[in-house]
Amino acid sequence: MEKLTILCIDDQRDVLAALRKDLESLNEFCRFEFCESADEAEEVLDELDAEVIPLAVIVCDHIMPGKNGVEFLIEFNGDARFEHTRKFLLTGMATHDDTITAINQAQINHYIEKPWEKEQILEVVKILITEFVMSVGMEYQSYLSILHQQTLYKYLRT
Amino acid sequence: MNKKQNEEGLKRLVATYFSDPAKRLKLEKGDVLLEEGAVNDRLYLVLQGSFIANNENIEDEQQQLFLATKDMFIGVISFFSRSSICVATIVAKEDCEVAFIDHNQRNKAEKEGLSLIEQFMPVVVFDLFQRQQREQQIIFEKEHTLEKLYQAKKLASLGQMAAGIAHELNNAIAVVSRNASWLNEHVGEMFLQENEEAIRFFQMGSETGQSLSSREIRVQAKALQNKYDLDEDAARKLAEINVPSTIKLPPLEQLNDFINRSHRYWELGASFHDLNIAAKHASHVVGSVKALAAGSSGIHNGHVSIQESIDEALTLLSSPLRTISVRLKIRELPDILANKGELVQVWTNLIKNAIDSLKQSGTESPEVYISAKPRATYVSIRFQDNGPGIAKEEQGKIFQPNFTTKEKGLDFGLGLGLTICERIIGNYGGEISVKSRPGKTVFKIKLPL
Ligand SMILES: Nc1ncnc2c1ncn2[C@@H]1O[C@H](COP(=O)(O)OP(=O)(O)OP(=O)(O)O)[C@@H](O)[C@H]1O
Ligand SMILES: [Mg+2]
C-alpha cells in the first residue's frame, strides 16, 4: 500500500502542531507535510510531483502573510498535476464573500472555522481521502479502515 | 411673491377684515380653538400667542408639525375647502388672542369683482408655503438627530458588547491558562519520579516548544533519514525534537522505539508550551478589547503610558497587521493624564486607517511607522504609512463625520474614525493634523504634558 500525502499549511506553528496531533490516527495510511507559508507549500508540491507521490488532501489556513489560503487554492485549482487532490480550507474568520469566492473559484471541497473539534476534522479529512481514492481509482480496499463509510457507499452504488 | 409684498398684503387684509372688535376671541393656555372632525366656518388670524395642533398620532412636542404664531392663519383648510371639517385639533399653547371672519363676511374689495377667495389667495398660499417649509425643516432635523442618536447608540452598544465578550472570554481563558500551568508542573513531577529520560524530553518541549521551522524540519528529517536509515515518520519526529548533540542516541535496533517514546514526552511538553502562549495571547487581546470598551463608557482619567497604549492598539490589530511591517521608535516618554481606553481608541483608528489604505491599494512592502518623542510642553506622536495617501481636495474633509471613501466591500467605513480621534485629542487640549502625498501619509498628534 502506498501512503497518501496530506499537506497542511498554516503560518502558525502551534496550529500545525495541533493539526498533527489530531490527524495522528491516520499515520498508518498517510504521511504528512507541514508548511508555514504558501510559498513553502509550492516547493513541496514540486517535490511531490517529482517523486510521484499521491497528494490526497490539502488542509490550508485562510489568512496568512504573503499569499493567503484562498489565493493559493485558486492557483492550485488550476494545477493539472494534482487534479484529484481535495481542498480543505481552515478559516479563523469566515466572511460570507470570501467563502463564496473560495468555493466558486478554488473549488474548495470543504471549509471549517477555527477552532475545530478533533472528531469533526478527522471526519472531514476521511471524507476527502475517500473521495480522492475513489476518483483516482486506487485500490480502495487497502485503505478501508480510514475511509468514510457513507461516502464510500455513495461511490460504490454509482 | 416675496416676504415684503406678503407683509403688505397681510396688513391690508388685517385692516380690511380683521379689525372688527366684535370678531375677536381671547383664549387661555390649553383652550381648544378647533376640534378635529368638527365643522368650522371661520378663518382665524393669530394676533397674539401661539397655537399647536393636537393629533392622536403626535405624541411629543418635538413632533409638532403645526405651530401657528402671530400673523398666521388657522382654519385655512376647513374654511376654504367645501367640506368645512377640521383636520386637526388646535389648542392654545399660551394665552392668545385671535380675530376671525366667517362665511357671512361681506366682500370689502377695493377693486371691483375680486372675490373674497381671490383676495385671500396670495397671503394664504404664502402662509401654507411657510408651513410646508417649516415641516420640511422639522423632518430634516429629526432625521439628523435620529441618525446621530443611532450612531451614538451603535458605538455605545459596541463598547458594551465588547466588554461583555471580553469578560466572558477572560473567564474561559483563565481556566485554560491556569490548568495548563498546573498540569505542566504536576505532569512534570510525575515523570521526574518515574523516569529521567522522560522528564528531559518533556522539559525540552515545555520550555521552547517546537523551535525549528517546518522547512528546517524537512531538511533535518531527510538528513537523519539517510544517516540512521530511519523511516520517514521517525526521522521527522527526531527532527522535531531537535535533540542536542550531547544526547547519546541508542543503537539502531532500539532507535525507532526510543524516538517514538521521546517524541511523545516532548510533544506533551510542547503542548503545554503552546497552550500557555496561546492563553497569554488571548488574554492580551481581551485586555485590549476591554481597554477599548472602557473608552466608550467614560472611565476616569489616570496616568497613562503612551508606549503601553500604543502596544495595546497594536495587539488589538495584530491580525490585520500580520502582513504589514510595523516600525516603532518610541523615545522615553513621561506618562500623561488621560483615559487609556480613549488613547487606545485613537491609535487603533489611525493604524486601522493605514492598514485599510495599504491593503486596498495593494502597496508593495507595506509599512506602518510609529514614532513618539517628548517636547518641552507636549508629546508628539506620528503615525506614518507608505500607502497611496489622501487626495488634496479630500484632506480638508476627512475629519468630518460621515466622510468616508470606504463605501463598498468588507472593510466599509462609518467615516467616524477620525472624528472620534479629533474629539478625544481635542478634549485633552491636543491637536491632530495630517500631511499626505502618495507614498507618505503622516498623522501627527500633539498631546500637552
Ligand atoms: N492613512 C490613510 N491613508 C489614506 N486615506 C486615509 C488614511 N486615513 C484616513 N484616510 C481617509 O479618510 C477617510 C476618513 O477616515 P475615518 O477614519 O474618519 O473613516 P473611515 O476609516 O472611512 O471609517 P471608520 O469610521 O470605520 O473609521 C477614509 O475613508 C479615507 O479615505
Ligand atoms: Mg477609519
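Definitions and cut-offs
- Residues numbered from 1 in each chain as written.
- Chains lettered and ligands numbered in written order.
- Predicted model: local features only at pLDDT ≥ 70, side-chain atom pairs only at ≥ 80, totals over all residues.
- Heavy atoms only, no water.
- Helix = DSSP H or I, 4+ residues; strand = E, 2+ residues; numbered from the N terminus.
- Contact = heavy atoms within 4.5 Å.
- Areas by Shrake-Rupley, 256 points an atom, 1.4 Å probe, with all protein chains shown as cover.
- Buried < 20%, exposed > 50% of the residue type's maximum accessible area, 1.4 Å probe, protein only.
- Core = buried A, V, L, I, M, F, W, Y, C linked by side-chain atoms within 4.5 Å.
- Buried area = accessible area lost by both parts, 1.4 Å probe.
- Salt bridge = Lys/Arg side-chain N within 4 Å of Asp/Glu carboxyl O.
- Near = heavy atom within 4 Å.
- Polar contact = N/O pair within 3.5 Å; in protein donor to acceptor, adjacent residues only side chain to side chain.
- Pairing = 2+ DSSP bridges.
- Axes fitted to C-alpha atoms, helices over the stretch in contact; angles between N-to-C directions.
- Patch = residues over 30% accessible without salt bridge, like charges linked within 9 Å, V, L, I, M, F, W, Y side chains within 5 Å.
- Lys, Arg positive; Asp, Glu negative; His and termini not counted.
- Charge placed at Lys NZ, Arg CZ, Asp CG, Glu CD.
- Parallel < 35°, antiparallel > 145°, perpendicular 65-115°, else oblique.
- Left-handed = near helix turned anticlockwise from the far one by under 90°.
- Nonpolar A, V, L, I, M, F, W, Y, C, P; charged D, E, K, R; others polar.

Chemist: Lay out the overall build of chain A with the relevant residues and their values.
Modeler: Counting its regular elements, chain A contains six helices and five strands. The linear arrangement of helices and strands in chain A, starting from the amino end, is β-α-β-α-β-α-β-α-β-α-α. Summarising the internal contacts of chain A: among those between residues at least 6 apart in sequence, 65% fall at separations of at least 24. Only carbon and sulfur atoms are counted for the fraction: they give 49% of the accessible area of chain A, which is about 7300 Å².

Chemist: So what's going on with the overall build of chain B? Which residues, and what values?
Modeler: Of regular secondary structure, chain B possesses 11 helices and 15 strands. Looking at chain B as a whole, 41% of its 449 residues qualify as buried. Considering only residue pairs separated by 6 or more positions, chain B has 75% of its internal contacts joining residues 24 or more positions apart.

Chemist: Please give an account of the nonpolar core that cites residues and values.
Modeler: One finds B:Ile306, B:Trp347, B:Leu350, B:Ile351, B:Ile381, B:Ile445 and B:Leu447 to be the most contacted residues of the largest nonpolar core, which totals 41 residues. Elements that contribute at least two residues to this core include exactly α8 (306–316), β11 (336–338), α9 (340–361), β12 (367–374), β13 (378–385), α11 (417–427), β14 (431–437) and β15 (440–448) of chain B. If you tally residues by element for this core, the top one is α9(B), at nine residues. Residues contacting B:Ile381, with those up to four places away along its chain left out, are B:Ile306, B:Ile310, B:Trp347, B:Ser371, B:Ala372, B:Phe443, B:Lys444, B:Ile445 and B:Leu447. Judged by nonpolar contacts, the second largest core, of 33 residues, contains A:Cys8, A:Phe32, A:Val133 and A:Tyr143.

Chemist: Break down the interface of chain A and chain B for me, citing the residues and quoting the values.
Modeler: Opposite the 26 residues of chain A that make contact, chain B presents 20 residues. Carbon and sulfur atoms make up 35% of the area that chain A and chain B hide from each other, which totals about 1900 Å². Taken together, the connections running from chain A to chain B amount to nine salt bridges. As a salt-bridge pair, B:Glu232 and A:Arg31 come within 2.3 Å of each other at their nearest N and O atoms.

Chemist: Summarise the site of ligand 1; cite the residues concerned and give the values.
Modeler: Residue and element names in this part refer to chain B. Taken together, the neighbourhood of ligand 1 is formed by 19 residues, with Asn-353, Thr-404, Thr-405, Lys-406 and Leu-416 sitting nearest. Asn-353 places a polar side-chain atom, nitrogen or oxygen, 2.8 Å from an oxygen atom of ligand 1. At 2.9 Å, a side-chain N or O of Asp-385 approaches a nitrogen atom of ligand 1. Contact with the protein chains hides 90% of the accessible area of ligand 1, taken as 600 Å² for the molecule alone. Broken down by secondary-structure element, the contributors of at least two residues to the shell around ligand 1 are α9, α11 and β15.

Chemist: Kindly report on the sheet that holds β15(B), identifying the contributing residues and their values.
Modeler: Residue and element names in this part refer to chain B. Spatial strand order, β10-β12-β13-β15-β14: five strands in an open sheet with mixed pairing. The open sheet has two edge strands with one neighbour each: β10 (325–330) and β14. Ignoring which end each strand starts from, the neighbouring axes of this sheet average 10 degrees apart. In this structure, β14 lies alongside β15, joined through seven bridges in antiparallel fashion. By the bridge assignment, Arg-437 is partnered in β15 with Lys-440. Those strands touched by α8 are β10, β12, β13 and β15, and its axis lies near 175 degrees from that of β10.

Chemist: Give a detailed account of a positive patch on the surface, specifying residues and quantitative values.
Modeler: Residues and elements named next belong to chain B. Taken together, the side chains of Lys-329, Arg-331, Lys-373, Arg-375, Lys-435, Arg-437, Lys-440 and Lys-444 define a basic patch exposed on the protein surface. If you list the elements that add at least two residues to the positive patch, you get β14 and β15. Positionally, Lys-329 belongs in strand β10.

Chemist: Tell me about the pairing of β14(B), and please be specific about residues and values.
Modeler: For a regular strand, side chains alternate in direction, first toward one face of the sheet and then toward the other. Here β14(B) shows one buried face, formed by B:Ile432, B:Val434 and B:Ser436, and one open face, formed by B:Glu431, B:Ser433, B:Lys435 and B:Arg437. Hairpin connection, β14(B) to β15(B): the antiparallel pair is bridged by two residues, and B:Gly439 has positive phi, about 90 degrees.

Chemist: Outline the packing of helix α2 (residues 38–50) of chain A against helix α5 (residues 214–228) of chain B, supporting the account with residue identities and numerical values.
Modeler: Contact geometry of α2(A) with α5(B) gives a least axis separation of 11 Å together with a crossing angle of 30 degrees. On the basis of the axis angle, α2(A) is roughly parallel to α5(B). Along this stretch, α2(A) crosses α5(B), giving a crossing that reads as left-handed. Contacts from A:Glu40, A:Glu43, A:Val44 and A:Glu47 in α2(A) reach B:Ser214, B:Arg215, B:Arg218 and B:Lys222 in α5(B). Classifying every residue of the contact of α2(A) with α5(B) by side-chain character gives one nonpolar, one polar and six charged.

Chemist: Give me the lowdown on the environment of B:Ala391, citing residues and values where you can.
Modeler: Tracing the sequence through the fold places B:Ala391 in the loop between β13 and α10 (392–395). In this structure, the C-alpha to C-alpha distance between B:Ala391 and B:Arg437, residues 46 residues apart in sequence, is 7.7 Å.

Chemist: Would you mind going over the pairing of strand β4 (residues 51–54) of chain B in detail, with residue names and values included?
Modeler: With two bridges joining them, β4(B) and strand β5 (residues 67–68) of chain B adopt antiparallel strand pairing. Opposite B:Phe51, over in β5(B), you have B:Ala68 as the bridge partner.

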